[in-house]
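Each chain, written out:
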Amino acid sequence: MTDAPLLEVRDLSVSFPQGADEVRAVRGISYTVDQGEFLGIVGESGSGKSVSSMAIMGLLPRNAVVTGDVLLRGESLLGRDDRELSRLRGKEIAMIFQDPLSALTPVYTVGDQIAEGLMLHDRALSQQAASVRAVELLRVVGIPAPERRVKAFPHEFSGGMRQRVMIAIAIANDPDLIIADEPTTALDVTIQAQILEVLQQAKEMTGAAVVLITHDLGVVAGNADRIAVMYAGRLVETGSVDDVFSRPEMPYTIGLLRSVPNLVTAGRTRLVPLEGRPPSLSDLPPGCPFEPRCPISVPECTTAEPPLLVLGGGHSAACIRAPEIESGALQASDVFPRPEPVSLGSEIGSEQEPVLTIEGLVRHFPLTTGMVFKKQIGTVKAVDGIDLQVRAGEVLGLVGESGCGKSTTILEVLEMTRPQAGSIRIAGRDVADLSRSDRLSLRKDVQIVFQDPMAALDPRLTVGDIIGEPLTVHGDSKMERRRRVAELLDLVGLEHSMSSRYPHEFSGGQRQRIGIARALATNPRLLVLDEPVSALDVSIQAGVMNLLEDLKARLRLSYLFVAHDLAVVRQIADTVAVMYLGRIVETGDVGEVFARPHHPYTQALMSAVPIPDPEAERSRERILLDGDLPSPTDEISGCNFHGRCPLYKILDPSRQQQCVTEDPRLRMIDTTSAACHHVEQNTLQPL
Amino acid sequence: MAIIDPLSTSDVDVTAELVDSRKAPRNSSRAALIWTRLRSTPRFWVGALVVGAMIVWAIAGLWITKWSPTDQDLINSSVGPTASHWFGTDDIGQDIYAETVSGLRRSLVIGLIAGPASTLIAALVGAFAGYTGGRADAVISWLINLLLVLPAFFILVLLSPVFKSLSFLVLTAFIALFTWMVMAQVIRAQTKSLRDREFVKAARFMGVGTGTIIRRHILPNVASLLIIDATLGVVAAINSETALSYFGFGIQRPQVSLGVLLADGTPSATTRPWMFVFPALVLVVLLFAVSLVGDALRDAVDPTSGSTRD
């Protein structure tokens, strides 16, 4: 073995010819990964982070033009044929993909798939030995009852379990390098925390180096040794994780760090929006690609692209003003000053009339079998008796993992029909006994903004028609509509001329602004925001979040803000309700709940959220939950959380008995309410 | 039948994300993309030119001959192609060229009305059933299945005494009424998936009515399917009409269609082939050309489809 680094990427470029011109996805990146090192590559979608790692694995489509060199222990990987690379893949370099469902073959058992990887690289291995090893690997990655589960098919596993299987396959041959491409993006936070833990374990066991590719700064902060930030196909900053987080030197990194809401600072300061969008990779200007969005650009920035300047301590940044930033002549707060906070108007008092009141809302879906003669075999308790209240001018954050019933809740509100049980009152009117015309006029008061701005806008209508659509219902004239559309475009910060264009011509952030403008068209009193920023790139989220805060203050709106991202909720909400399996488990003032969560689930949820601050991350004690969210069809007696509850495990048997038999109701504890019998015994410390 | 899914026809590859998120200005709408693909398909041009030429011929073909379809040239009955009778004449001296042009005209009119009409029925019924769901959907699905199992040809034969005495438009309407079911099922399935899309939900929560949602959001998003179906429906309608007329249940003399001419020419196909060959040739060329256009359209809309529709 030579003293060459484990992996060395030299001036790697990847481009895809597109007719006459080409998309230059990766433009000359160089980095090294040492034995056992954990490198995080951070970038937004389209920054080239995935393409560069695919190039290393030799997995790019044939039409990709790859130049530069990739050396594994000094030996070049590029230009080898597929057969040679196949021998390396899995054995020396292993890859973990984002979507574990499509990365596993549905027709083979997971055991077979692990064994396949083993036997491919070790022909002497017997079938028997391979399956024994498969069981062992499943145990390592924390799959319960591996002897039984080894014979299961991928569809019998949940998303988190599948990702564990992927990790098991990746470490099966004891690789020297594991490339994980957004391994936790498709997963819920509590599952994400589990998977990152498993990945760390796998790394320690095999001694492999890990390259973790992600868009989430929080994920790398707690795990990586070194990080590399990519922008528009280039590395713009590299360095040790502490250096980059505490002393970022490239304005893009500075902006990114200041634009992300995090649990520690959220709600106290405003987010710093990073204006504009990344450049088109097929038509790059000659200068620094970040120059159009950079607040400290100087004329020289447009002439040539700055190289990666090596600064002190192994820290490099691609910015001609990096030395100024390093010396402290330019502070981060000068580069991206925090915007002025909006005046919040009058405080929300409890005497304010509620815009939305939900009491004892129930929505059960029957599970049926049989094509002709339907037979009910169970019930999905999507929403199982919840109470919520949104007062005028207030933001209620509804938080929970996927499958907890938050989407069903908002659909029930928006349908405005009589619920199965309980009541929904909007602006003081019970929706159960509305006449047709009353319902239509009440719809003016409640509008929705969806998660995916592309899916929420009809691709065949112009932006003007999309925004004006709610007005067609209420019989406004064409002239009136046009005037209102212009007004709304103004309100959300878009130009009037954009109203004749189609949604696909806009960036994600702009599309979400269009969605917000449409929701505001009828002057609603309540906006239902269904994960409004989770589909957007991090640098764009801040702009949309700030817009929502401004609009709330200017138009005195109330929001029902549904999200799985706690930091985002902390940023915008006044009160918060945490949902688990169709129930509210904890609710109260957002500051109180986040500072002193009482319910063990809330505590686990909060400790699972990664914080983009390496120091804070390292000092945190994680409360990891066992297993996955149970299926909502399961009949669970007593507290529906007791199977995963970290508190339950440390209680004495008589108290445990209470958890198993008695269904806890929400009760006031200090200033918040939580649905847990044993809050007083809770010694778990989140954050 | 090809499964065409207009919602997921984009080719997903590594470049898609990059190109997609950048949206270069020339990467324009879907319609433009389809047109670009269509333009580069020779099949489309061949088919379109031939169909165009046949339409022009059907309109203008009688102007250039001195014979009308009903004229009888008793001196020159049963003769082969000559300078005067380009396609020859039949037993009673009628000019085959004039009859063929006139038959083509009728067949084209029937095809061009019945094909799109059946698509229209399919679109409205399918979208309504798929969007409203519930009981209406169950009833409509049951009706579609019933119509599918009924032997359409046999029913048209049974009904033929009714429309023999009426205009050929009644026959056209009946053909349309018996050919919309398969497409209606496709549209129904598409609508069901569109109904769960957020822009449709958003419209519903705004209070937009069912009719407006179907017209504004559902139909434009399945338009490409409908265009293909209407094109291929022309072929199916002409085929049905020809078959009915061939057996004497469709168009009746003195009106002629290509089916009537084929029926009249069949007994003498071996002895006096011109009576059979010319109408048959026209029919085959027409159907082939329309199919080429339909095929090219389908491939342009959905590049992954390879098989043909029934």
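Residues numbered from 1 in each chain as written. Chains lettered and ligands numbered in written order. Predicted model: local features only at pLDDT ≥ 70, side-chain atom pairs only at ≥ 80, totals over all residues. Heavy atoms only, no water.

**As for the overall build of chain B**
Within chain B one finds 13 helices and zero strands. Its helices and strands taken in sequence order, chain B reads α-α-α-α-α-α-α-α-α-α-α-α-α from the N to the C terminus. Just so you have it, chain B exposes about 14000 Å², and 69% of that area is on carbon and sulfur atoms. (Helix = DSSP H or I, 4+ residues; strand = E, 2+ residues; numbered from the N terminus. Areas by Shrake-Rupley, 256 points an atom, 1.4 Å probe, with all protein chains shown as cover.)

**Focus on the pairing of strand 8 (residues 209–214) of chain A**
Residue and element names in this part refer to chain A. Within strand 8, six of the six residues are buried, leaving the element largely enclosed by the surrounding structure. Of the two faces of strand 8, both are covered, the one formed by A209, V211 and I213 as well as the one formed by V210, L212 and T214. The sheet contact formed by strand 3 (residues 38–42) and strand 8 spans five bridges and is parallel. Note that in strand 8 the partner of I41 across the bridge is I213. Relative to strand 8, strand 7 (residues 177–181) runs parallel, the two being bridged by five bridges. The partner of A180 across the bridge, within strand 8, is L212. (Buried < 20%, exposed > 50% of the residue type's maximum accessible area, 1.4 Å probe, protein only. Pairing = 2+ DSSP bridges.)

**Structural notes on the sheet that holds strand 6 (residues 93–96) of chain A**
All names here are of chain A. Strands sit in the order 6-7-8-3-9-10-12-11 across an open sheet of eight strands; the sheet is mixed. Of all strands in the sheet, those bounded by a partner on one side alone are strand 6 and strand 11 (309–310). Here helix 7 (residues 159–171) sits on the sheet and contacts strand 6 and strand 7; the angle it forms with strand 6, its principal contact strand, is near 175°. (Contact = heavy atoms within 4.5 Å. Axes fitted to C-alpha atoms, helices over the stretch in contact; angles between N-to-C directions.)

**Some thoughts on the confidence of the model for chain B**
Residues and elements named next belong to chain B. With 87% of its residues at a pLDDT of at least 70, chain B reaches an overall mean of 80. Note that pLDDT drops below 50 for residues 1–28; the model gives that stretch 63 contacts with residues more than four away or on any other chain. This stretch, residues 306–310, has a pLDDT under 50; its non-local contacts, to residues over four places away or in other chains, come to 14 contacts. Among the prediction metrics, the complex's ipTM stands at 0.74, with pTM recorded as 0.78. (pLDDT = per-residue confidence, 0-100.)

**Section: the sheet that holds strand 17 (residues 429–430) of chain A**
All names here are of chain A. Across the sheet, which stays open at both edges, the four strands sit in the order 14-13-16-17 with antiparallel pairing between neighbours. The sheet terminates laterally at strand 14 (375–391) and strand 17, the two strands that pair on one side only. Judged from the five bridges that link them, strand 13 (residues 354–369) and strand 16 (residues 421–426) form a sheet pairing that is antiparallel. Bridge pairing in strand 16 links V362 to A421.

**Focus: the pattern of salt bridges**
All names here are of chain A. For the structure shown, the criterion picks out 30 salt bridges over all chains. Across the pair R73 and E92 runs a salt bridge whose closest N-O atoms are separated by 3.1 Å. Taken together, the positions of R73 in the loop between strand 4 (65–72) and strand 5 (75–76) and E92 in the loop between helix 2 (82–88) and strand 6 put the pair 19 residues apart, joining distant regions of the chain. For R73, a relative accessible area of 25% corresponds to the partly exposed category. In this structure, E412 and R363 form a salt bridge, with 3.1 Å as the shortest nitrogen-oxygen distance. (Salt bridge = Lys/Arg side-chain N within 4 Å of Asp/Glu carboxyl O.)

**Some points on the packing of aromatic side chains**
Taken as a whole and assessed by the stated rule, the structure comprises 14 aromatic pairs over all chains. Centre to centre, the rings of Y580 of chain A and Y601 of chain A are 4.5 Å apart; their planes meet at 50°, and the pair counts as tilted. With Y580 of chain A in strand 21 (residues 575–580) and Y601 of chain A in helix 22 (residues 600–608), this residue pair connects regions lying 21 residues apart in the sequence. Accessibility assignment for this pair places Y580 of chain A and Y601 of chain A in one class, buried. Centroid distance F44 of chain B to W45 of chain B: 5.3 Å. Interplanar angle 70°. Geometry classified as edge-to-face. Taken together, the ring pairs in this structure connect W57, F87, Y97 and F278 of chain B into an aromatic cluster. The aromatic ring of F594 of chain A is capped on one face by R570 of chain A, whose charged end is 5.8 Å from the ring centroid. (Phe/Tyr/Trp six-rings, centres within 6.5 Å; stacked < 30°, edge-to-face > 60°. Lys NZ or Arg CZ within 6 Å of the ring centre and 35° of its normal.)

**Let's talk about unusual backbone geometry**
Trans is the prevailing form of peptide bonds, just as negative phi is the prevailing case for residues other than glycine. All names here are of chain A. A positive phi is found at M416, a non-glycine position, where the angle reads about 55°. By the secondary structure assignment, M416 is in the loop between helix 14 (406–415) and strand 16. By relative accessible area, M416 is classed as buried at 1%. Backbone geometry places R556, a non-glycine residue, at a positive phi of 50°. On the secondary structure map, R556 appears in the loop between helix 19 (538–555) and strand 20 (558–563). What makes R556 partly exposed here is its relative accessible area of 43%.

**What to know about helix 16 (residues 463–473) of chain A**
Within helix 16 of chain A, eight of the eleven residues are buried, which leaves it mostly tucked inside the rest of the structure. Within helix 16 of chain A the residues assigned to the buried category are V463, G464, I466, I467, G468, E469, P470 and L471 of chain A. The elements touched by buried residues of helix 16 of chain A are helix 17 (478–491) and helix 18 (508–520) of chain A together with helix 9 (198–206) and helix 10 (210–221) of chain B. Residue G475 of chain A follows helix 16 of chain A closely and has a positive phi angle near 70°.

**Some thoughts on the interface of chain B and chain A**
Chain B puts 27 residues into the contact, and the matching count from chain A is 42 residues. Summing both partners gives a buried area of about 3000 Å² for chain B against chain A, and 59% of it is carried by carbon and sulfur. Taken together, the links from chain B to chain A amount to two salt bridges. Where chain B meets chain A, there are eight residue pairs in polar contact (both at pLDDT 80 or more). The set of elements that each furnish at least two residues to the side of chain B that touches chain A consists of helix 1 (14–22), helix 9 and helix 10 of chain B. (Buried area = accessible area lost by both parts, 1.4 Å probe. Polar contact = N/O pair within 3.5 Å; in protein donor to acceptor, adjacent residues only side chain to side chain.)

**A word on the environment of M230 of chain A**
By the element assignment, M230 of chain A lies in strand 9 (residues 226–231). Note: C-alpha distance between M230 of chain A and V26 of chain A (204 residues apart in sequence) is 9.5 Å.

**Points about the packing of helix 4 (residues 110–121) of chain A against helix 5 (residues 127–140) of chain A**
Residue and element names in this part refer to chain A. Closest axis-to-axis distance for the helix 4/helix 5 pair is 8 Å, and the angle between their directions is 115°. It follows from the interaxial angle that helix 4 and helix 5 lie roughly perpendicular. Note on packing geometry: the crossing formed by helix 4 with helix 5 is right-handed. Contacts between helix 4 and helix 5 pair V110, G111, I114, A115, L118 and M119 from the former with Q127, A130, R133, A134, L137 and L138 from the latter. When the residues that make up the contact of helix 4 with helix 5 are grouped by side-chain class, the tally is nine nonpolar, two polar and one charged. (Parallel < 35°, antiparallel > 145°, perpendicular 65-115°, else oblique. Left-handed = near helix turned anticlockwise from the far one by under 90°. Nonpolar A, V, L, I, M, F, W, Y, C, P; charged D, E, K, R; others polar.)

**So, the environment of T302 of chain A**
All names here are of chain A. By secondary structure assignment, the location of T302 is in the loop between helix 11 (251–259) and strand 11. Residue T302 is classed as partly exposed on the basis of its relative accessible area, which comes to 39%. Among all residues touching T302, those that are not within four sequence positions of it are P286, G287 and E291. Polar contacts involving the side chain of T302 include one to the main-chain carbonyl oxygen of P299, which spans 2.8 Å.

**Digging into the environment of G468 of chain A**
Residues and elements named next belong to chain A. Within the secondary structure layout, G468 lies in helix 16. Put simply, G468 and R483 are 15 residues apart on the chain and 9.7 Å apart in space, counted from C-alpha to C-alpha. Among residues more than four places away in sequence, those in contact with G468 are R481 and V485.

**Observations regarding the pairing of strand 15 (residues 395–399) of chain A**
Residue and element names in this part refer to chain A. Within strand 15, five of the five residues are buried, which leaves it mostly tucked inside the rest of the structure. Judged by which residues are buried, strand 15 turns out to be covered on both faces: V395, G397 and V399 on one side and L396 and L398 on the other are all buried. Bridge count between strand 15 and strand 20: five bridges; the pairing is parallel. Opposite V395, over in strand 20, you have Y559 as the bridge partner. Bridging between strand 15 and strand 21 involves four bridges; their strand directions are parallel. Paired with G397 across the bridge in strand 21 is V576.

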